[in-house]
Amino acid sequence: MDLTKHVKEQIKKEASAKPERFFPVTTLKKLGFSRHHCATCGTYFWNQQPSKVCGDPKCSGGFRFLDNKIATKTLTYTEVWKQFAQIHKKLGYTPIDRYPVVSRWNPTMDFTIASVAAFQPYVVAGEVEPPANPLVIPQFCLRFNDVDSVGLSGHFTGFVMLGELAFMPPDQYDKEKYVADYLTWLQQGMGLQNKDITIHEDAWGGGGNYGCSLEFFLGGLEIGNQVYMTYFHDGKALKPLKINVLDMGAGQERAAWFTQGKGTSYDATFPHVMKKLYEHTGVQPDADFQKKFMPYSSYLNMDEVEDANKTWEMIAKKLQVPVAALQSKILPLAALYSIADHTRSLLVA
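Predicted model, so just to flag it, every value in this text is computed and none were measured.

J.: Would you explain the environment of T198 in this entry?
T.: With respect to the helices and strands, the residue T198 is situated in strand β6 (residues 198-206). For T198 and C54, which are 144 residues apart along the polypeptide, the C-alpha to C-alpha distance reads 7.0 Å. If sequence neighbours within four positions are ignored, T198 has contacts with F45, W46, N47, C54, G55, E215, F216 and F217.

Here it is as structure tokens:
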């Protein structure tokens, strides 16, 4: 088994058995959240409106925020970072400029794959002071594991991860404050209410570091992931870090798409580029068909799909159209979205 996957499962199992030790349970309960167990996938989750299934799109029926707008604010792509920085500055975080995409300071990776990767390995290891503490950062990231999903599921090869980070001695590390800060952003920045939020218990690993985490879902879309990073793996066993790290990562593209509540993440991120591509190629979205298809686009995350053909067949059946007809409408658009995404990734890389 892959080491990272094995360690994450180990941490998740232990954290699920002792949530009060690993998660900010006091704040969640104070805000009216209660803990539940998903009858479909087995994940433990928190929300204010108890249900039998969690907020993951596979368990709850795909994306449910499209044309059923949950956010009371509408943000353009560039407005997302401005609001994120402004609100977090009031909460005591210092906004900083992004780091390069080529992670030349990190011997374990070629490209910066997450906001915390800008500070791995030396800051996270406690060997180098961070540029600010706590901080927020609009980190452009490159990930190629999602390349087969680009244009279909809302994924990108290049994206901006809004990072909310803190590097603290264990006695100054405050998970209760960190979760409250992120919920403040969701409420004040995106115009959301706690009653619409479902929070998953999970674990995360990357760059040799690990910790339990909370994933925030709204309308079937994961909008952010707050990791309480406390471990590193020396190749033999998990060991505690000298400092504890808050690592909250959220896609700027997803926040814009979610608050707009329509179209695709690509139209929300590249509105002017997509307009030019539609005009230049003559390929145009069928608005009525797109409206029916988009809630099921979450199932086309190819990194998690076991059989792509069966997934296409399942979606076609739900839409009551032949598979060939479905693909003839979706794949040309996916190609255009891929052009926009890949061009930006190449430009920044």
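J.: Mind showing me how you'd approach the pairing of strand β9 (residues 238-251) here?
T.: Looking along a regular strand, one sees the side chains alternate between the two faces of the sheet. By the criterion of burial, β9 is predominantly enclosed, with 10 of the 14 residues buried. Inspection of the sheet shows strand β5 (residues 158-168) paired to β9 by eight bridges, in the antiparallel sense. Along β9, the bridge assignment pairs G163 with G249. Relative to β9, strand β8 (residues 221-233) is paired through eight bridges, and the arrangement is antiparallel. Of the residues in β9, the one forming a bridge with Y231 is P240.

J.: I tried to follow the packing of aromatic side chains on my own but got confused; where do I start?
T.: What characterises a pair of aromatic rings is the spacing of the ring centres plus the angle enclosed by the ring planes. Following the criterion strictly, the structure yields 16 aromatic pairs and no others. Note on F111 and F144: the rings are 5.8 Å apart at their centroids and 80° apart in plane angle, and the pair reads as edge-to-face. You can see F111 sitting in the loop between β3 (94-95) and β4 (135-142) and its partner F144 sitting in the loop between β4 and β5, a full 33 residues away along the chain. Owing to a relative accessible area of 27%, F111 belongs among the partly exposed residues under this scheme. On the basis of relative accessible area, F144 is assigned to the partly exposed category, the value being 47%. Ring pairing ties together the aromatic residues F63, F65, W257 and F258, which thus form one cluster. The ring of Y44 carries R35 above its face, with NZ or CZ at 3.9 Å from the centroid.

J.: Would you take a moment to explain helix α7 (residues 252-260) for this structure?
T.: Each α-helix turn comprises 3.6 residues. Residues three or four places apart therefore point the same way. Across the nine residues of α7, seven count as buried, placing the element largely inside the fold. The first or second residue beyond α7 is G261, which carries a positive phi of 65°.

J.: Help me understand the nonpolar core in this model?
T.: Burial of nonpolar side chains together is a common tendency in soluble globular proteins. Ranked by internal contacts, the top residues of the largest apolar core, which has 72 residues, are W185, L186, F216, I223, F258, F293 and L326. Among residues more than four places away in sequence, those in contact with I223 are Y182, L186, M190, F216, L218, A250, G251, R254, A255 and F258. Core analysis: the second largest hydrophobic core is formed by 32 residues, L135, L165, L241 and V245 among them.

J.: Teacher, can you tell me more about unusual backbone geometry here?
T.: When glycine is set aside, most residues are seen to have a negative phi, and most peptide bonds are trans. Between Q120 and P121 the backbone carries a cis peptide bond, its omega angle lying at 0°. Phi angles above zero are rare outside glycine, and D67 is one such case at about 60°. Looking at the element boundaries, D67 is found in the loop between α4 (57-60) and α5 (77-90). We classify D67 as exposed; its relative accessible area is 51%. Even without being a glycine, Q320 presents a positive backbone phi close to 60°. Along the chain, Q320 turns up in the loop between α11 (308-319) and α12 (323-348).

J.: Explain the pairing of strand β2 (residues 44-47) to me, please; I cannot follow it from the model alone.
T.: Relative to β2, strand β1 (residues 34-37) is paired through four bridges, and the arrangement is antiparallel. The residue of β2 that forms the bridge with R35 is W46. Connecting β1 to the next strand, β2, in antiparallel fashion are six residues, including G42 with a positive phi near 85°. One ladder, built from two bridges, connects β2 with β6; its direction is antiparallel. Pairing of W46 across the sheet is with I199, part of β6.

Definitions and cut-offs
- Residues numbered from 1 in each chain as written.
- Predicted model: local features only at pLDDT ≥ 70, side-chain atom pairs only at ≥ 80, totals over all residues.
- Heavy atoms only, no water.
- Helix = DSSP H or I, 4+ residues; strand = E, 2+ residues; numbered from the N terminus.
- Contact = heavy atoms within 4.5 Å.
- Buried < 20%, exposed > 50% of the residue type's maximum accessible area, 1.4 Å probe, protein only.
- Pairing = 2+ DSSP bridges.
- Phe/Tyr/Trp six-rings, centres within 6.5 Å; stacked < 30°, edge-to-face > 60°.
- Lys NZ or Arg CZ within 6 Å of the ring centre and 35° of its normal.
- Core = buried A, V, L, I, M, F, W, Y, C linked by side-chain atoms within 4.5 Å.

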